[in-house]
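# Fold and contact review
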Amino acid sequence: MPRVLKRIALVVFFLVAVMAVALYAVYFWRAPLPAAAPHARVAPVISTIPGLTACWVETGKTFSNFSFGATAGTILVKHPAGDLLIDAGNSSHFDDEIRSFPLGTWLKLKFLAGQLKPQAPLPNLLRRVGEDPAKLRWVILSHAHLDHAGGLMDLPGMPVLLTREELQFANDPKVQAKGYVIAAHTQKFPLADVPTLRFEAKPYETFDESADLYKDGSVVVVPLRGHTPGSVGIFVNLSPKRRPGTRRHSRSWAQRVQEILSRRAAELRFRTIARLK
Ligand SMILES: [Zn+2]
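### Examining the overall build of the protein
Scanning the protein for helices and strands turns up 9 helices and 9 strands. Burial statistics for the protein: of 277 residues in total, 31% are counted as buried. For the protein, long-range pairs separated by at least 24 residues make up 60% of all intrachain contacts whose partners lie at least 6 apart in sequence.

Dropping the structure here:
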């Protein structure tokens, strides 16, 4: 081997070794996190509510034949007191909404979130799976990002549940300039000083605050700040007897849903793909 090649190989080896040590230092020598503050742990009493069901309605998907595929959609919760949508997927007007962004932002939006653009407006997709959009009472967003809020553009006049923190985040011009939240979507949100979702100091599971949407324990919202300042987690308490995860020897709920999603996503476009009674 020529001398110069040997030197290059040595330099490369040295650089790789330094990078490996640096990675080790960054990932394994981190200071341990401080202990979590003490908090309540309240096991909720879940009562069976006749007619309460939930299903995932896919609105968009990409690379669904691969393990890195993605799906977007909404969870329809059918409740005797009026149906709820959890998230709304992308907007059917996605391309128009991102048109005026600078090229770099436009490319990011177009080739990431834009890949999950729905082929039809959300009410049409609900009708295709045999559901009636007129029965919708409200929509709750896990957070205000464009790929969760866009479907609101086709649901005029629908009450949208959002916290004050998330409304402030969504109305921040810097957040909108990056394309994380689309200004047109915020027109469908409540005003920032009139939030439609407020937590009570009522512990639920391991959360110190909660909001019981229907006041019957069927859908309970908790703060899940992090992805955005006002992200929320939503418990949908279907009948304990009929939840797959509660059966003995069965796989976990998450595994089963994941299997259903990945198996059925390839087969059924715009159909109800997981009905979790
Ligand atoms: Zn997000």
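### Notes on the nonpolar core
In terms of nonpolar packing, the biggest core is built from 46 residues, with V139, I140, L141, A144, V160, L162 and V221 touching the most fellow members. Look past the residues within four positions of L141 in its chain and what remains in contact with it is D87, H148, A149, V160 and L162.

### A few points about the sheet that holds strand β8 (residues 232-236)
One open sheet holds the 3 strands; their spatial order is β6-β7-β8, and the pairing between them is antiparallel. Edge positions in the sheet fall to β6 (211-212) and β8, since each has one partner strand and no second. Sheet topology note: the β6/strand β7 (residues 219-223) ladder contains 2 bridges and is antiparallel. Along β7, the bridge assignment pairs D212 with V220.

### Considerations on the confidence of the model for the protein
The share of residues in the protein with pLDDT of 70 or more is 86%, and the mean pLDDT across the chain is 85. Across residues 244-253 the pLDDT falls below 50, and counting only partners more than four positions away or on other chains, this stretch makes 9 contacts in the model. Counting contacts from residues 260-277, a segment whose pLDDT is below 50, to residues more than four positions away or on other chains yields 34 contacts.

### A look at unusual backbone geometry
With glycine set apart, most residues show a phi of negative sign, and most peptide bonds adopt trans. Not every positive phi belongs to a glycine, and D87 is a case in point at roughly 70°. Within the element layout of this structure, D87 appears in the loop between β3 (83-86) and α2 (94-98). On the basis of neighbour count, D87 is assigned to the buried category, with 22 C-beta atoms found within 10 Å. The backbone of K215 shows a phi angle near 60°, a positive value even though the residue is not glycine. Note that K215 resides in the loop between β6 and β7.

### As for helix α1 (residues 3-28)
Over its 26 residues, α1 extends 37 Å from the first C-alpha to the last, a length consistent with the 38 Å expected when each residue adds 1.5 Å. Sparse coverage of α1 is indicated by the burial of 0 of its 26 residues.

### Things to note about the environment of Y204
Examined against the element boundaries, Y204 turns out to sit in the loop between α8 (183-186) and β6. Look at Y204 and you get buried, because 23 C-beta atoms sit within 10 Å. Between the alpha carbons of Y204 and V42 there is a distance of 5.2 Å; along the sequence they are 162 residues apart. Filtering out sequence-adjacent residues up to four positions away, Y204 remains in contact with V42, P44, S210, V220 and V222.

### With respect to the environment of E209
Its location among the elements puts E209 in the loop between α8 and β6. Along the chain, E209 and R198 lie 11 residues apart, while their C-alpha atoms are 9.4 Å from each other. When near neighbours in sequence (up to four residues on either side) are disregarded, E209 contacts F199, E200, A201, K202, V222 and P223.

### Section: the environment of W138
For W138, the position within the fold is in strand β4 (residues 136-140). Look at W138 and you get partly exposed, because 15 C-beta atoms sit within 10 Å. Spatially, the C-alpha atoms of W138 and P159 are 5.0 Å apart, while their sequence positions differ by 21 residues.

### Quick notes on the pairing of β7
The buried fraction of β7 amounts to 4 of the 5 residues, a majority that puts the element mostly inside the structure. Counted along the chain from β6 to the antiparallel partner β7, the turn is 6 residues long, and its residue K215 has a positive phi close to 60°. Bridge count between β7 and β8: 5 bridges; the pairing is antiparallel. Among the inter-strand pairings, P223 is bridged to a residue of β8, identified as V232.

Basis of the calculations
Residues numbered from 1 in each chain as written. Predicted model: local features only at pLDDT ≥ 70, side-chain atom pairs only at ≥ 80, totals over all residues. Helix = DSSP H or I, 4+ residues; strand = E, 2+ residues; numbered from the N terminus. Buried ≥ 20, exposed ≤ 12 C-beta atoms within 10 Å, placed from the backbone. Contact = placed C-beta atoms within 7 Å. Core = buried A, V, L, I, M, F, W, Y, C linked by C-beta atoms within 7 Å. Pairing = 2+ DSSP bridges. pLDDT = per-residue confidence, 0-100. Expected span 1.5 Å × (residues − 1).

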